[in-house]
Amino acid sequence: MENWRNYTKVLIPDIPNLNQIDVYQKNGGYEQLKEVLTSGKWNPKSVTDEVKAANIRGRGGAGFNAGLKWSFMPPKVEGLPRYLACNGDESEPGTFKDRRIFMFNPHLFIEGATIACYAMQMDAAYVYMRGEFADWIDKFQEAVDQAYAKGMLGKNIMGSGFDLDIFVHKGGGAYICGEETSLMESLEGKRPYPRSKPPFPAQFGLWGKPTTINNIETLANVPLVIKNGAKWWSSIGAPAHPGPVLYGLSGHINRPGVYEYPTGMKITDMIYEVGGGMRNNKKLKAVSPGGSSCPLLTAEMVHGGLTMDADSLRTVGSVMGTSGLCVLDEDTDMVKFSYRIAKFYDHESCGQCTPCREGTGWFVKILRKFVENRGETKDLDLLLELCDTMEGRTVCALADATAWPIRSALIHFRSEFEARIVSKASFATA
Amino acid sequence: MAESVVFEFTEAEKAEIQKHVAKYPDRKSAVMPALWIAQEKFGWLSPEAMELVASTLDMPYAQVYGVASFYTMYFKKKVPKYLFDICTCFTCGECGGDQIFKHAQNSLQVDENGHSADGKFWIRQAECLAACDTGPVMQIANRRIVHNLTPAKFDQTVDMLRRDQMPAFEPVAPKYDQASPAAKAAPEPEKVQETPPPAPEVISDSSEEE
């Protein structure tokens, strides 16, 4: 990854007004859709195979091969509708990349979603956008309207006989709706409790019909794969976790923002070069690599040469998540930080499963004791025990997402918690 | 309340709801858009407003209530006109959101419900608003996000809203944001139309952007 400085942006290139369909088309937009639908060179299976070969690992956090996910769809049965759900709920703290696609390159996503629908023979696509995106929902709807007006959506697209509708659905402000089965419940008009799997969405999804759910950025990569081939796409970045990525940089750095680079970027390059270094030249303390649910990285790990891809992050027990890096400096109070993470998950737990509903609340109560310098030595073990009772014991991964960062904070920054224990004597003998 | 509220949708609102109903294979799925329309109309979702949504979509009240009560953006109590959702989630909180929230509490003299003394504003701590790079941020009345918030910018926003002026949409983008074409196009907005279409491939080098 030494040549990242010469990287050419493909997801959000520097082209003014690219959100306007004319500009997008002038720059080669919708050509890939045209080729797929009308050239006769492609069929649904070959598109799926190409995307599978590219190994687009889902950009929503789970990192699962998108083409492989597509191939799980059962054979098309005439008269039985099937749906694509596009996940633009983007509510994970530290994540703000999909909004950039909605704002600056919406047609790339629309084109990608349409190609995906062709590959899986879908009848409609639903784009779930978080309610807080109110302004961007309106802007994205304009882009969808433009696509309809130009015949890129609707009936008989480009004379190919393929029909597709894309509908925008506005959320109501709930993190849980970014979980795929919760998103489906929300779209259906129910209280969005995640569903138990199996059955998986490909068998029983939206309104009980075969459904695939992909992240916005994942779908935006599809036209790029079609344009330049799976080989080209997978040659970008880290071999086992390839492709261009929108990195979100936030926290105590000089130039927070969204940056497009290949996967496998050194985190030190992200912080000190791309991000312009630490604010006020402070020392680095920790990095949350891909949204609040990822186990934290210490400065030592980061300076040890960690890169932003699944394999590298796995060596230290973390994950790439949504590639939104929150950078924390030496002055950060990790106890307060953990408490705030716990508060987030406590607020966002849907309340369906006992370990999560009760556990997130207990995290808040116990961590508050530490914030207020009332911690007890036994609480440290209690917190770890709580992690054990939550991880892997609920319908969805929200409980895990709470436990992971807090466990990592307890492991890596234990002394900060110990310093908040009320009796120094108990701490000294612990 | 001296004035009694009539809980009915106008023909235009009914048509709007039908447009949403047409998007989904099941009319109950239009409950979220219908709740948005009801909240826009009545200011909040009273039991009567939810009953109206239920009868309009021919679905059980309990299901409408179950949905409405789940989401933070649907108001289940009568609330002041302008809500400030001030993000104090971890990035914004670390970058000044906590101080902004305290500042807002003091300057608006809010009560225990977060309502301002003049009854026009309402503040609450928001969870992540997906704008961590421009933190601290807040959202006004479920609509506009205000980026790079400072106490001064907060006060300025309050002044505007006292005159019922909604701050303009900020197209986002801190100065150096590589992914924001708008930030780069900004210095010469007039010339954008005239410049020849740029080559689709532009070499980007963040070190040059300084």
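Residues numbered from 1 in each chain as written. Chains lettered and ligands numbered in written order. Predicted model: local features only at pLDDT ≥ 70, side-chain atom pairs only at ≥ 80, totals over all residues. Heavy atoms only, no water.

Description of the domain arrangement of chain B
In step 1: Along its sequence, chain B is carved into domain 1 (11–68) and domain 2 (82–162).
In step 2: Placing the centre of domain 1 of chain B and that of domain 2 of chain B at their C-alpha centroids yields a distance of 29 Å. (Domains from an automatic or database assignment.)

Quick word on the interface of chain A and chain B
In step 1: Tallying the contact residues gives 83 residues for chain A and 68 residues for chain B.
In step 2: Across the interface of chain A and chain B, roughly 6200 Å² is buried in total on both sides, 57% from carbon and sulfur atoms.
In step 3: Among the residues chain A hides against chain B, the three largest losses belong to Asp14, Arg255 and Arg340 of chain A. Together they make up 11% of the total.
In step 4: On inspection of chain A and its partner chain B, the count reaches 6 salt bridges.
In step 5: Counting the contacts that link chain A with chain B gives 22 residue pairs in polar contact (both at pLDDT 80 or more).
In step 6: The element contributing the most residues to the side of chain A that touches chain B is helix H14 (residues 334–348) of chain A, with 8 residues. (Contact = heavy atoms within 4.5 Å. Buried area = accessible area lost by both parts, 1.4 Å probe. Salt bridge = Lys/Arg side-chain N within 4 Å of Asp/Glu carboxyl O. Polar contact = N/O pair within 3.5 Å; in protein donor to acceptor, adjacent residues only side chain to side chain. Helix = DSSP H or I, 4+ residues; strand = E, 2+ residues; numbered from the N terminus.)

Details of the pairing of strand S3 (residues 165–170) of chain A
Residues and elements named next belong to chain A.
In step 1: The sheet contact formed by strand S2 (residues 124–129) and S3 spans 6 bridges and is parallel. The residue of S3 that forms the bridge with Met129 is Lys170.
In step 2: Crossover connection from S2 via helix H7 (residues 134–149) to parallel S3: handedness right-handed. (Pairing = 2+ DSSP bridges. Right-handed = clockwise from strand over helix to strand, strands pointing away.)

Considerations on empty space enclosed by the protein
In step 1: Throughout the structure, instances matching the rule amount to 2 cavities of 30 Å³ or more.
In step 2: Taken as a whole, the largest cavity spans an internal volume of roughly 70 Å³.
In step 3: As for the largest cavity, its lining consists of Ile176, Pro194, Ser349, Cys350, Gly351, Cys353, Cys356, Thr394, Val395, Cys396, Leu398 and Ala399 of chain A.
In step 4: Looking at the second largest cavity, its volume works out to about 30 Å³.
In step 5: If you trace the second largest cavity, you find it lined by Pro93 and Gly94 of chain A together with Cys87, Cys89, Phe90, Thr91, Cys92, Cys128 and Cys132 of chain B. (1 Å grid on protein atoms, 1.4 Å probe; cavity = no way out; pocket = protein on both sides within 12 Å on 5 of 7 lines; lining within 4 Å. Points joined across faces, edges and corners; volume = space filled by probe spheres on them.)

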